[in-house]
Amino acid sequence: MSRPGSPGTRPGPELTLPAPTTGAPLDVGTAPAPTNPEQALAELHAGNRRFVTGTPRHPNQDAGHRAAVADGQHPFAVIVGCSDSRLAAEIIFDRGLGDLFVVRTAGHTIGPEVLGSVEYAVTVLGTPLIVVLGHDSCGAVQAARAADATGTPPAGHLCAVVDAVVPSLRRAAAEGVEDIDGIVDIHIAYTVEAMLGRSAVLAAEVAAGRCGVVGMSYRLTAGEVRTVAAVPALAVDAPEPAASVALA
């Protein structure tokens, strides 16, 4: 697949630009939780805009809601995010208890435990959206790049993180992408593809229209997220729809 603005292709589905949506996000605190991928994505973008502009509502964080969700959970999005301490999903998306099912690893790398956790959220809890959440200046991607350049693997289990990022480095090199944030975008899109390629359960849920998968990149300084990949081509209610791409 091709990265917008860069030459070359990557293996996998064709990319298409999703159309922006004019529909308003759900009213936090009064409307029911999102039940489809488009609504869930709109809610995340709306919450992120509140976070960026300094007008968070902190929904579903009161004692009453804590008691209400004690007997069960129905999160509207699974966040497979990088473990970076600055990437706290409930904060940057302005959400609360029971809203997000969060799984975090360095470099948002995925193994059996991660895939099993995501499958649980989608098939048991009925979560309609999966988000792969990366960020600029990712330390895991930089560590993998340094190890690959020097041929010196890191010690201990960090080697597993590096090995998981190397395919994205190869793809970036094939496309002539050298800047770290461009490589991060490619790694996010690769993780989306790998998740569906390794999990027949998730692929079936997406094919049936019960779930969507989106790759997002977070800007550490600005606090903004942008969509860089999506399966299927979801309508994106975002400040920068032209920057988003979708995997058909």
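As the structure is a prediction and not an experimental result, all values here were calculated from the model.

Let us now look at the confidence of the model for the chain. Close inspection of predicted coordinates is inappropriate for parts of the model with low pLDDT. Summary statistics for the chain give a mean pLDDT of 85 and a share of 81% for residues scoring 70 or more. The low-confidence segment residues 1-30 (pLDDT under 50) makes 78 contacts with residues lying over four places distant or belonging to another chain. Counting contacts from residues 237-248, a segment whose pLDDT is below 50, to residues more than four positions away or on other chains yields 48 contacts.

Here the focus is the side chain of Asp 99. Structurally, Asp 99 can be placed in the loop between α3 (89-92) and β3 (100-105). On the accessibility criterion, Asp 99 (7% relative accessible area) is buried. Within the local environment of Asp 99, its side chain forms a polar contact with the side chain of Asn 60, the two groups lying 3.0 Å apart. Of the polar contacts made by the side chain of Asp 99, one reaches the side chain of Arg 95; its length is 3.1 Å. Discounting chain neighbours no more than four positions away, the residues touching Asp 99 are Pro 59, Asn 60, Pro 75, Phe 76 and Ala 77.

With that out of the way, let us pick up the packing of helix α5 (residues 139-150) against helix α7 (residues 180-198). Two elements in contact, α5 and α7, have axes whose closest approach is 10 Å; the angle formed by their N-to-C orientations is 105°. Here α5 lies roughly perpendicular to α7, going by the angle between them. The segment α5 lies against α7, with Val 141, Gln 142 and Arg 145 engaging Ile 180, Ile 183, Val 184 and His 187. For the contact of α5 with α7, a count of residues per class yields four nonpolar, two polar and one charged.

Right, let's get into the nonpolar core. Ranked by size, the top nonpolar core spans 61 residues in total, and within it Leu 44, Ile 79, Phe 93, Val 118, Ile 130, Leu 133 and Met 195 carry the most contacts. Ranked by residue count, the leading element in this core is α7, at ten residues. Residues in contact with Met 195, not counting those within four places in the same chain, are Val 80, Ile 110, Leu 115, Val 118, Ile 130, Val 132 and Leu 202.

In this section: helix α6 (residues 158-175). With 18 residues, α6 ought to run about 26 Å at 1.5 Å a step, and its terminal C-alpha atoms sit 26 Å apart, in line with that. Along α6, the sharpest kink reaches roughly 30°, centred on Val 165 and followed within four residues by the proline Pro 167. Taken together, the buried positions of α6 are Val 161, Val 162, Val 165, Val 166, Ser 168, Leu 169, Arg 171, Ala 172 and Glu 175. Those residues of α6 hidden inside the fold are in contact with α5 and α7.

Here we take up the pattern of salt bridges. Under the defined criterion, the tally for this structure stands at nine salt bridges. When the shortest N-O distance is used, the salt bridge between Asp 148 and Arg 170 registers 2.9 Å. A residue pair is termed long-range when its members are at least 10 positions apart, and Asp 148 in helix α5 and Arg 170 in helix α6 qualify at 22 residues. Exposure remark for Arg 170: the relative accessible area of 47% places this residue in the partly exposed category. Connected through salt bridges with shared partners, the residues Glu 43, Arg 95 and Asp 99 form a single ionic network.

Before going further, it helps to examine the packing of α6 against α7. Two elements in contact, α6 and α7, have axes separated by 9 Å at closest approach and are oriented at 120°. The orientation of α6 with respect to α7, classified from their angle, is oblique. When you trace α6 past α7, the crossing you get is right-handed. Here α6 contributes Ala 164, Val 165, Pro 167, Ser 168, Leu 169, Arg 171, Ala 172 and Glu 175 to the contact with α7, which in turn contributes Ile 183, Ile 186, His 187, Tyr 190 and Glu 193. Of the residues contributing to the contact of α6 with α7, the split by class is eight nonpolar, two polar and three charged.

In space, the five strands of this open sheet follow the order β3-β2-β4-β5-β6, with mixed pairing throughout. Each of the sheet's edge strands pairs with one partner strand only, and the pair in question is β3 and β6 (225-231). Here the average twist between neighbouring strands, direction ignored, is 20°. In the sheet, strand β5 (residues 212-218) pairs with β6 via six bridges, with the strands oriented antiparallel. Bridged to Met 216 within β6 is Thr 227. Along the sheet, helix α4 (residues 112-123) contacts β2 (77-82), β3 and β4 (129-135); its crossing angle with β3, the most-contacted strand, is approximately 175°.

This part takes up the environment of Ala 172. Tracing the backbone through its elements, the reader meets Ala 172 in helix α6. Placed 15 residues apart in sequence, Ala 172 and His 187 show a C-alpha to C-alpha distance of 8.5 Å. Beyond its immediate sequence surroundings of up to four residues, Ala 172 is in contact with Val 177, Ile 183 and Ile 186.

Calculation rules
Residues numbered from 1 in each chain as written. Predicted model: local features only at pLDDT ≥ 70, side-chain atom pairs only at ≥ 80, totals over all residues. Heavy atoms only, no water. pLDDT = per-residue confidence, 0-100. Contact = heavy atoms within 4.5 Å. Helix = DSSP H or I, 4+ residues; strand = E, 2+ residues; numbered from the N terminus. Buried < 20%, exposed > 50% of the residue type's maximum accessible area, 1.4 Å probe, protein only. Polar contact = N/O pair within 3.5 Å; in protein donor to acceptor, adjacent residues only side chain to side chain. Axes fitted to C-alpha atoms, helices over the stretch in contact; angles between N-to-C directions. Parallel < 35°, antiparallel > 145°, perpendicular 65-115°, else oblique. Nonpolar A, V, L, I, M, F, W, Y, C, P; charged D, E, K, R; others polar. Core = buried A, V, L, I, M, F, W, Y, C linked by side-chain atoms within 4.5 Å. Expected span 1.5 Å × (residues − 1). Bend = angle between axes of the 7 residues up to and from the residue. Salt bridge = Lys/Arg side-chain N within 4 Å of Asp/Glu carboxyl O. Left-handed = near helix turned anticlockwise from the far one by under 90°. Pairing = 2+ DSSP bridges.

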